[in-house]
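In case you want the letters, here they are:
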Amino acid sequence: MTTGNSLFPIFLKLDQIQTLIVGGGNVGLEKLDALLRNDHEANVTIVAKKFNAEVKQRQGLSRQIKLIERPFRKRDLRGKDLVILATDDQTLNAKVRSMARRRHLLVNVADTPGLCDFYLGSTVKKGDLKIGISTNGKSPTFSKRLKEVLNETLPDETDLLLQNLKVIRDRLKGDFSFKVKTLNGITKSLIDRNEV
């Protein structure tokens, strides 16, 4: 029996999939910014009756953002992989979620954890290192605070460490098991030095 957070963390290549956001207000902006923070080349289509100025401004930052100013239509789901519903119309959110689920699309409904197939968790990024944080939808505020702590704690040189470990891994001869054992020994010595 599983207890606690049973979510399965994955990292998506946002530049290789199509994301639809329905809603062009502050919540839609928040979701768009979350996507762009992780990949400024994310392919995002936003459908809304009206867009706030900040959403329109983001479109100028990336050629991968498409804005469609009109009410949502069923055909907006065509060719999409992820759907994020960011409207304040719960009836519309439920209707679009139902249509998207019939197409086997993954859906996030802002501020409605019970209707979500996935959550947009907080992430910490230091070069190629990315850490995802999830509270299972219980407290985005806690995720945000933990993100701040990790950003302050992890040194900026973390990415250099990762690059050096990749060079070492590439130079090692032997099977996967040997490489893992050797790299574990190297990284253990880093931790042991910090304990002194």
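Scroll up for the structure.
Analysis parameters
- Residues numbered from 1 in each chain as written.
- Predicted model: local features only at pLDDT ≥ 70, side-chain atom pairs only at ≥ 80, totals over all residues.
- Heavy atoms only, no water.
- Helix = DSSP H or I, 4+ residues; strand = E, 2+ residues; numbered from the N terminus.
- Buried < 20%, exposed > 50% of the residue type's maximum accessible area, 1.4 Å probe, protein only.
- Salt bridge = Lys/Arg side-chain N within 4 Å of Asp/Glu carboxyl O.
- Patch = residues over 30% accessible without salt bridge, like charges linked within 9 Å, V, L, I, M, F, W, Y side chains within 5 Å.
- Areas by Shrake-Rupley, 256 points an atom, 1.4 Å probe, with all protein chains shown as cover.
- Pairing = 2+ DSSP bridges.
- Axes fitted to C-alpha atoms, helices over the stretch in contact; angles between N-to-C directions.

Concerning unusual backbone geometry
Here is step 1: Of note in this structure, His104 is not a glycine but carries a positive phi near 65°.
Here is step 2: Note that His104 resides in the loop between helix H3 (90–102) and strand S5 (106–109).
Here is step 3: For His104, a relative accessible area of 70% corresponds to the exposed category.
Here is step 4: Backbone geometry places Asp111, a non-glycine residue, at a positive phi of 60°.
Here is step 5: For Asp111, the location among the structural elements is in the loop between S5 and strand S6 (122–126).

Observations regarding the pattern of salt bridges
Here is step 1: For the structure shown, the criterion picks out eight salt bridges.
Here is step 2: The residue Asp33 makes a salt bridge to Arg58 at a minimum N-O spacing of 2.7 Å. With Asp33 in helix H1 (residues 26–38) and Arg58 in helix H2 (residues 53–59), this residue pair connects regions lying 25 residues apart in the sequence.
Here is step 3: Asp33 sits in the buried class, given a relative accessible area of 17%.
Here is step 4: Within this structure, Arg97, Arg101 and Asp117 form a network of salt bridges that share partners.

What to know about a nonpolar patch on the surface
Here is step 1: On the surface, a cluster of nonpolar side chains totalling about 360 Å² of accessible area is made up of Phe8, Ile10 and Leu12.
Here is step 2: Turning to its location among the elements, Ile10 is positioned in the segment before strand S1 (18–22).

Here we look at the sheet that holds strand S2 (residues 43–48)
Here is step 1: Spatially, the five strands line up as an open sheet ordered S3-S2-S1-S4-S5, and their pairing is parallel. Looking at the sheet topology across the chains shown, the edges are occupied by strand S3 (65–69) and S5. Adjacent strand axes in the sheet meet at a mean angle of 15° when their direction is disregarded.
Here is step 2: Inspection of the sheet shows S2 paired to S3 by five bridges, in the parallel sense. The residue of S3 that forms the bridge with Ala48 is Glu69.

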